[in-house]
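# Examination of the molecular architecture
What follows is each chain in one-letter form.
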Amino acid sequence: MRKLAVDVVVIGGGSTGAGVVRDVAMRGYSAVLVDRADLGQGTTGRFHGLMHSGGRYVVSDPLSATECAQENAILSRIQSSAIEMTGGYFVTCPGDDPAFADKFLTGAAATGVPAREIPVAEALRNEPRLNPGILRAIEVGDGSVDGWQLVWGAANSAKVHGAQVLTYHSVTRIDREGNRVSAVHCTDLKSGTDVVIECNFVLNCAGPWAGQIAHMAGADPVDVIPGRGIMIAMNHRLVNRVVNRCIYPADGDILVPVHTVSIIGTTDVKVDDPDNLAIERDEVQQMLDAGEVLIPGFRNARALHAWAGARPLIKDKRVSAADTRHMSRGMAVIDHTERDGLDGMLTIGGGKLTTYRLMAEHIVDAMCDKLGEKRECRTAQENIPGPEPTKNYVVTHRLEEREHDRLDEQIICECELMSRRMFTEALAVQPKGTLDDLRRQLRLGMGPCQGGFCTTRATGIALESDHIDIERANGLLRLFLKNRWIGLWPILYGDQVRQTALDNWIFQGTLDIEHLPQQMSEVAL
Amino acid sequence: MSRVVVIGVGLAGLTAANRLAAGGVDVTLLSKGIGGLQLGQGTIDVLGYTPDRVTNPVLTLAAIASSRPEHPYAVIGAAGVHTGIEYLKGLLGAKLLVGDVETNYQLPTAVGAIRPTCLASPSMVAGHVRDGAKFAIVGLRRLKDFHPKLVAENLARSALPDGAQPTRSKRSLFGDPIAEAFAKQTPGHLEVRHLSVDVPARENEIDSSGLTYARAFDDPAFRARFAETLRPLLADGETVGLPAVLGLNDLTAWSDVAEKLGHPVFEIPLPPPSVPGMRLNAALTAKAKAAGVRMVPGSWTVGFRAGNGGILGLSVAAAGAQREFTADTFLLATGGFESGALNLDSHGLVTETVFGLPLAGLDAEPLIHGDYWGAEQPLFRVGVRVGRDMRVLDGAGAVVHDNLYAAGGIIGGSSRWAEKSGDGIALGSAVLAADSILKELS
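For clarity, every value in this text was computed on a predicted model and none was experimentally measured.

Further remarks concern the overall build of chain B. In terms of regular secondary structure, chain B is built from 11 helices and 18 strands. Its C-alpha atoms give chain B a radius of gyration of 22 Å, within 12% of the compact-globule value 22 Å for 442 residues. Principal-axis analysis of the C-alpha atoms places the extent of chain B at approximately 70 × 55 × 45 Å. Expressed as a percentage of its 442 residues, the buried residues of chain B come to 60%. For chain B, the exposed area adds up to about 16000 Å²; of that, 53% sits on carbon and sulfur atoms. The distance from the centre of the 39 positive side-chain charges to the centre of the 43 negative ones in chain B is 4 Å.

Encoded structure:
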């Protein structure tokens, strides 16, 4: 057993938890973040990559709109390398109510969200694939963000300020002394070691799993209603700006250019279990139909991969529990002292990735109040370390890097232009990582071939690095292909079937990968 | 002279075109892309798994032919495959292919699995696994598709599929005594180690493809340089496993390397581009051209004209303008989903993309499932149905067009990659189709 003692334990390694541990550490508290999986493996890694301008909420949720606009400006400055300043359009499609655009412009003015109507011809000139029948177009400051870069950036910043980050540490128990939370028990899933972390305070940032964590501390049930949304990555950038439909928030109303793909999303269905998110065929069809409205011919474009995420929505008495789209997206800090007579713990729910820094500020402010201390939040002032701390992401950056090192470096993943050095360096940092852990940082296997060419290379290089043995190497390979398939088979049509056939031909046909020596057990993490 | 249009330039199309031209008809070979041979492993599979490992392919396929009526082998039959294999061997000769239809080689793959295949390049067969063999698996540092440690460590811990099998020999067709005998024996083992050498294919290039290396190995001076680097690192009695890049055009490159090293060598096929496949492709293409086959690459078929119970003409979008090819007979050898011969659209509709032919295997539910390591995906067994003369049939068993035949991967009913049957299906159906066409036209 391993023992730690800190001021604050942050539970949950999504954007909220990473933002919170950074804030706590910057205010001078000793802190440790725990997550049962990798950073950004839950909701943060399963969204559509939109850095909201606030436009989406100017009519339906003015407070969120203002928060988004302010945070968008802050994050694109302090965390520039995770964010691409694509800009965005809100477009009125044929059949949509053109009057909504007037409400939109009024709402934008009232909430401080920069927006201006532009001629339809200008929108079509800049985004030639857009439906030529659009009636109105409004330009806003949407961007796209890499959720994993965002969360790792915040976590690394927290580490600079002295925090510890323990991934693959699953919380098993939360101890109380009297009415006060006193320790968090975890199991290090990679080594099997138990870890006990004594603490003064617990900040529950477990998102859709926050109810389970609160329950462990003996709080009354917290009604987190996971709202499932599916997203589909389409090959190439069908658009270079975020394109939103200028209507009340609905399913499939946003297309976001992220890295080399465009992501359409999303749906919103109440689910019971955030660990079991299906990608339903009818929802896929719904997304393709919605895409067809924005981009005629969308169905003929190549879908690469789909995924589902669970929104961490806190139940709001005003709407029925089945209607998660209209549940409050606003953040909610639950004070367990008033509610459950439990001191030393706060739970946060709701919110959105764009406002992750602000959510952290709120919950840490609330913690400071509880502790009777006055410590200023400085997270908006200090830049987060990144590859290029003052430059925003541009989609061509890897191409530029490979042009520079092409004579010295092999390209291991051609689709995403990942070099051998990028892979070996990430592996050295996470020698116990799975190929998916590395993928989230490197985009390994996320392009058109979905791992067809790079999976065996990555496995071979990992084995040669001596961080892993042959049994684990084969296990990692098997796990990676299995996990890629989860997001492939629900959207398999057109050219991606052809790609899958080629991949099967390589893996089954040429490499006979099914007849590698029998695994003693499958690798799970 | 009678005219035949063959569509598709993979193993089936090239084989059929050669046989048809040799039979005295005028053959036009239309191709859209580069042909499947250059994407595969570059050996000739007949049957590798049922799912049990197969040692005698022709014997086992006879059993499949009788027990699985939907399988292409049920119509092609052991005799058809035998004819196809012998025809290809005769066409290409022992410099390109060795082996026989009654015995599978068990050859290491580029991840270190042991893969059954029927005919192989002579440059590969020293890798046939046998108890007590000593292998040194050698990587090239600048070639990223071959990781010798992965190959070696998997081979070293593999129980050999055919135990103490000492030699390859003809065996009875009435049983598979070798397989039966070895099932009872203690499995054999290999002694395998790995090493890498750094011999640049091109100066100042760190990321060289298999094809780049193959071209380098065509040069005797490069082979000498390579052998000088590697020879001191080898131990007595070792057989050397190398990535399959030992020469593209020079079919003696591999044996020259072996001679210069003073050790037997074997090539291990890589993911595409497939150098051994390119060698087969080049040889079959050269033979076809020599036999008078007219080759029209870059031919995207965009429509067809039917009448009098048959196909009258096929429209192709070629450079400059659309153009129609007319013929007495058409042979469809376009492959499956991998080549675009079949398409699944976003609404779930599967189509054969040249003639819109009726497809078999669509009744499986679901066509695609979510268990990657589970059962074969039924989608990839979808294809056309053929009769014994290889004419395309509809669901009721009636001929769709009197003069339309099919060969190769477009024929449904098999899991070609998993069972390692694609080449046997291609060859058997190609020779049967060619022979039916020749008979019909004579």
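Back to the text.
Enumeration over the complete set of coordinates arrives at 55 salt bridges over all chains. Where A:Asp23 meets A:Arg27, a salt bridge forms, and the shortest distance between an N and an O atom there is 2.7 Å. When its relative accessible area of 5% is taken as the criterion, A:Arg27 is described as buried. As a salt-bridge pair, B:Arg294 and B:Asp26 come within 3.8 Å of each other at their nearest N and O atoms. One end of the pair, B:Arg294, is in strand S9 (residues 294-296); the other, B:Asp26, is in strand S2 (residues 26-30), and 268 residues separate them in sequence. Overall, B:Arg294 belongs to the partly exposed group, its relative accessible area being 40%. Exposure remark for B:Asp26: the relative accessible area of 26% places this residue in the partly exposed category. In the salt-bridge network here, residues are joined through shared partners; they are A:Glu414, A:Arg457, B:Lys144, B:Asp145 and B:Asp207.

Our next topic: helix H8 (residues 253-261) of chain B. All names here are of chain B. Here H8 has its buried residues at Ala-253, Trp-254, Asp-256, Val-257, Ala-258 and Leu-261. Among the structural elements, helix H6 (210-217), helix H7 (220-230), strand S7 (239-243) and strand S8 (265-268) are those in contact with the buried residues of H8. Note on H8: the residue one or two positions beyond its end, Gly-262, has a positive phi of about 75 degrees.

Let us look at the environment of A:Glu382. Residue and element names in this part refer to chain A. In this structure, Glu-382 sits in the loop between helix H9 (356-371) and helix H10 (397-405). Residues Glu-382 and Lys-315, spaced 67 residues apart in sequence, show a C-alpha to C-alpha distance of 34 Å. Excluding its chain neighbours within four sequence positions, the residues that come into contact with Glu-382 are Arg-22, Met-26, Ile-78, Ser-157 and His-161. For Glu-382, the side chain forms a polar contact with the side chain of His-161, separated by 2.7 Å.

Residues and elements named next belong to chain A. Domain parsing of chain A yields domain 1 (84-143 + 225-319) and domain 2 (397-515). If you average the C-alpha positions of domain 1 and of domain 2, the two centres end up 30 Å apart. Tallying the contact residues gives 17 residues for domain 1 and 17 residues for domain 2. Across the domain 1 to domain 2 interface the summed buried area is about 1400 Å²; carbon plus sulfur atoms make up 53%. Three residues, Arg-302, Leu-304 and His-305, lead the burial of domain 1 against domain 2; their summed loss comes to 40% of the area buried on that side. Counting the contacts that link domain 1 with domain 2 gives 7 residue pairs in polar contact (both at pLDDT 80 or more).

Glancing now at the pairing of strand S13 (residues 329-332) of chain B. Residues and elements named next belong to chain B. Here S13 shows two buried faces, one formed by Thr-329 and Leu-331 and the other by Phe-330 and Leu-332. When strand S1 (residues 3-7) meets S13, the two strands line up parallel, connected through 4 bridges. Residue pairing in the sheet places Ile-7 in a bridge with Leu-332 of S13. One ladder, built from 3 bridges, connects S13 with strand S18 (residues 404-406); its direction is parallel. Paired with Leu-331 across the bridge in S18 is Tyr-405.

Our next topic: the interface of chain A and chain B. Between chain A and chain B, the contact holds 51 residues from the first and 58 residues from the second. Both sides together, the interface formed by chain A and chain B hides about 4800 Å², and carbon and sulfur atoms give 61% of it. Counting the surface chain A buries against chain B, the share from its top three residues, A:Trp485, A:Trp505 and A:Thr510, is 15%. Along the contact surface separating chain A from chain B lie 5 salt bridges. Between B:Lys149 and A:Asp466 there is a salt bridge whose closest N-O contact spans 2.5 Å. Our count for the contact surface shared by chain A and chain B stands at 25 residue pairs in polar contact (both at pLDDT 80 or more). The set of elements that each furnish at least two residues to the side of chain A that touches chain B consists of helix H7 (281-294), strand S23 (411-413), helix H13 (454-464), helix H14 (470-488) and helix H15 (495-510) of chain A. The biggest single contributor to the side of chain A that touches chain B is H15(A), with 12 residues.

Residues and elements named next belong to chain A. As summarised here, the arrangement of the 6 strands in space is S10-S3-S2-S14-S22-S21, forming an open sheet in which the pairing is mixed. The strands lining the two open edges of the sheet, one partner per strand, are strand S10 (164-166) and strand S21 (332-335). Looking at each pair of strands side by side, their axes are set apart by 20 degrees on average, direction ignored. Both strand S3 (residues 31-34) and S10 contribute to a ladder of 3 bridges, which runs parallel. The residue of S10 that forms the bridge with Val-34 is Leu-166.

All names here are of chain B. Viewed as axis vectors pointing N to C, helix H1 (residues 11-22) and helix H9 (residues 275-290) meet at an angle of 30 degrees, and their least axial separation amounts to 9 Å. Taken together, H1 and H9 sit at an angle that is classed as roughly parallel. Every pair of crossing elements has a handedness; the one defined by H1 and H9 is left-handed. Mapping the contact onto sequence places Leu-11, Leu-14 and Asn-18 in H1 and Asn-281, Leu-284, Thr-285, Lys-287 and Ala-288 in H9.

In this section: the packing of aromatic side chains. Under the criterion given, the structure shown has 12 aromatic pairs over all chains. Geometrically, the ring pair formed by B:Phe217 and B:Phe222 is edge-to-face, given 4.9 Å between the ring centres and 85 degrees between the ring planes. The side chain of A:Arg375 reaches across the aromatic face of A:Tyr29, ending 3.9 Å from its centre. Sitting over the face of the ring of B:Trp300, B:Lys32 holds its NZ or CZ atom 4.9 Å from the ring centroid.

With that settled, the discussion passes to the domain arrangement of chain B. Interface size, as often reported, equals the accessible area lost upon joining of the parts. Annotation of chain B at the domain level lists domain 1 (2-94 + 279-441) and domain 2 (125-268). The centre of domain 1 of chain B, based on its C-alpha atoms, is set 32 Å off from the matching centre of domain 2 of chain B.

What follows concerns the side chain of A:Gln519. Of note, A:Gln519 is situated in the segment after H15. Not counting chain neighbours up to four residues away, the residues in contact with A:Gln519 comprise A:Glu471, A:Asn474, A:Gly475, A:Arg478 and B:Arg157.

What follows concerns the sheet that holds strand S11 (residues 310-317) of chain B. All names here are of chain B. Reading across from one edge, S10-S11-S12 is the order of the 3 strands in this open sheet, with antiparallel pairing throughout. Two strands in the sheet have a free side with no partner beyond their single neighbour: strand S10 (300-307) and strand S12 (322-326). Within this sheet the neighbouring strands show an average axis-to-axis angle of 25 degrees, counted without direction. Here S11 runs beside S12; their pairing, made up of 5 bridges, is antiparallel. Directly across from Ser-315, in S12, lies its bridge partner Glu-324.

All names here are of chain B. Their axes nearest at 8 Å, the elements helix H2 (residues 57-67) and helix H3 (residues 72-92) cross at an angle of 155 degrees. Of the possible angle classes, the one that applies to H2 and H3 is roughly antiparallel. As H2 packs across H3, the resulting crossing turns out to be left-handed. Each of Val-58, Leu-61, Ala-62, Ile-64 and Ala-65 in H2 lies in contact with H3, whose residues at this interface are Tyr-73, Ala-74, Gly-77, Ala-78 and Val-81. By residue class, the composition of the contact of H2 with H3 is 9 nonpolar, 1 polar and no charged.

Conventions we followed
Residues numbered from 1 in each chain as written. Chains lettered and ligands numbered in written order. Predicted model: local features only at pLDDT ≥ 70, side-chain atom pairs only at ≥ 80, totals over all residues. Heavy atoms only, no water. Helix = DSSP H or I, 4+ residues; strand = E, 2+ residues; numbered from the N terminus. Rg over C-alpha atoms; globule rule 2.2 N^0.38 Å. Buried < 20%, exposed > 50% of the residue type's maximum accessible area, 1.4 Å probe, protein only. Areas by Shrake-Rupley, 256 points an atom, 1.4 Å probe, with all protein chains shown as cover. Lys, Arg positive; Asp, Glu negative; His and termini not counted. Charge placed at Lys NZ, Arg CZ, Asp CG, Glu CD. Salt bridge = Lys/Arg side-chain N within 4 Å of Asp/Glu carboxyl O. Contact = heavy atoms within 4.5 Å. Polar contact = N/O pair within 3.5 Å; in protein donor to acceptor, adjacent residues only side chain to side chain. Domains from an automatic or database assignment. Buried area = accessible area lost by both parts, 1.4 Å probe. Pairing = 2+ DSSP bridges. Axes fitted to C-alpha atoms, helices over the stretch in contact; angles between N-to-C directions. Parallel < 35°, antiparallel > 145°, perpendicular 65-115°, else oblique. Left-handed = near helix turned anticlockwise from the far one by under 90°. Phe/Tyr/Trp six-rings, centres within 6.5 Å; stacked < 30°, edge-to-face > 60°. Lys NZ or Arg CZ within 6 Å of the ring centre and 35° of its normal. Nonpolar A, V, L, I, M, F, W, Y, C, P; charged D, E, K, R; others polar.

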